[in-house]
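Structural overview for review
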Amino acid sequence: RGFIWIGTESGLYRFDGTNVDLLQHETDRPRSLPHNTISTITEDKQGFIWAGTMQGVVRVDARTLACVVFSKLRHNLDLDFDSKVLVGHDGRIWVGSSEGLSVLEAGGFKAVWKGDPPARTEDHFIHSMGEWKNDTLVLGTFDGAALYDTRSGKFRWLRPAQRQVTITRIGVDGRGRLWLGTWEQG
């Protein structure tokens, strides 16, 4: 559509080549952003913009800027602190947060993972998300990468044996190789 979307700590901006529109959290408007700090922006197959914030996610109509909010306060997203949004190749909407992983189902998001027992903060705080081989979500955490099989619902870990590694970026190249960026680990 020619829009450029910019996520900041002050809200979500839409630039159309001439004008700039700003969406922000407004306490008295329940259909505004759930929080001003934007952590991720993505577009789904229907053309809606999804933004992860520090207190939930929002689905934005790209033309009208109408918002649908998903958060604990709205009772349609249990895991909503520091949310990241990913649209899978199959169109499913996934949210990773400081508390785990959720998937959008009818009426709201359903938690599918809240860390390994015993749950440690570093196990389930999702910093980054990516999709690999069309059936595996890669979740970057404080303690390595969790691989989530979207068909079976099972997890496995990529963790170095000797030290804790924080995964901050996830990428897949044209040959299907998985690339992980770390925080101060190379």
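Before reading on, note that the structure itself is shown above.
Residue positions are counted from 1 within each chain, in the order its sequence is given. Restriction of local features to residues with pLDDT of at least 70 applies here, the model being predicted, together with a cutoff of 80 or more for giving and counting side-chain atom pairs; totals for whole chains, interfaces and linings are based on all residues. By convention in this description, side-chain values take in all heavy atoms of the structure and omit both hydrogens and water.

1. A word on the sheet that holds strand S14 (residues 144-149)
Judged by pairing direction, the sheet is antiparallel, and its 4 strands sit side by side in the order S12-S13-S14-S15 without closing on themselves. Lying at the two open borders of the sheet, with one neighbouring strand each, are strand S12 (128-132) and strand S15 (155-158). On average, adjacent strands in this sheet sit at an angle of 25 degrees to one another, irrespective of strand direction. Note: two strands are recorded as paired if DSSP finds a minimum of 2 bridges between them. Numbering of helices and strands runs from the N terminus; a helix is a DSSP stretch of H or I covering at least four residues, while a strand is a stretch of E covering at least two. Note on definitions: angles span 0 to 180 degrees between N-to-C directions of axes, and those axes are lines fitted to C-alpha atoms, for helices only across the stretch in contact.

2. Here we look at the nonpolar core
The nonpolar core is taken to be a set of buried Ala, Val, Leu, Ile, Met, Phe, Trp, Tyr and Cys residues, with the residues joined through side-chain atoms within 4.5 Å. In this scheme, a residue with accessible area under 20% of its type's maximum is buried, one over 50% is exposed, and one in between is partly exposed, where area comes from a 1.4 Å probe on protein chains only. Within the largest apolar cluster, 13 residues are counted, with the highest numbers of intra-cluster contacts made by Trp-5, Leu-12, Leu-23, Leu-33, Val-58 and Val-60. Of all the secondary structure elements, the ones that give two or more residues to this core are strand S5 (49-53), strand S6 (56-60) and strand S7 (67-70). If we ignore the near neighbours within four places in the chain, the residues touching Val-60 are Trp-5, Leu-12, Leu-23, Phe-48, Ile-49, Leu-65, Ala-66 and Cys-67. Leu-101, Met-129, Leu-139 and Trp-157 belong to the second-largest nonpolar core, a separate cluster that totals 12 residues. The contact definition used throughout considers only heavy atoms, calling two residues in contact when any of these lie within 4.5 Å.

3. Topic: the environment of Ser-98
Among the secondary structure elements, Ser-98 is positioned in the loop between strand S9 (93-97) and strand S10 (100-105). By relative accessible area, Ser-98 is classed as buried at 11%. Counting along the chain gives 17 residues from Ser-98 to Phe-81, while the straight-line C-alpha distance between them is 5.7 Å.

4. Considering the sheet that holds S5
With respect to topology, 4 strands assemble into an open sheet ordered S4-S5-S6-S7, the strand pairing being antiparallel. For this open sheet the edge positions go to strand S4 (38-43) and S7, each flanked by a neighbour on one side alone. Within the sheet, the average angular offset between the axes of one strand and its neighbour, ignoring direction, is 20 degrees.

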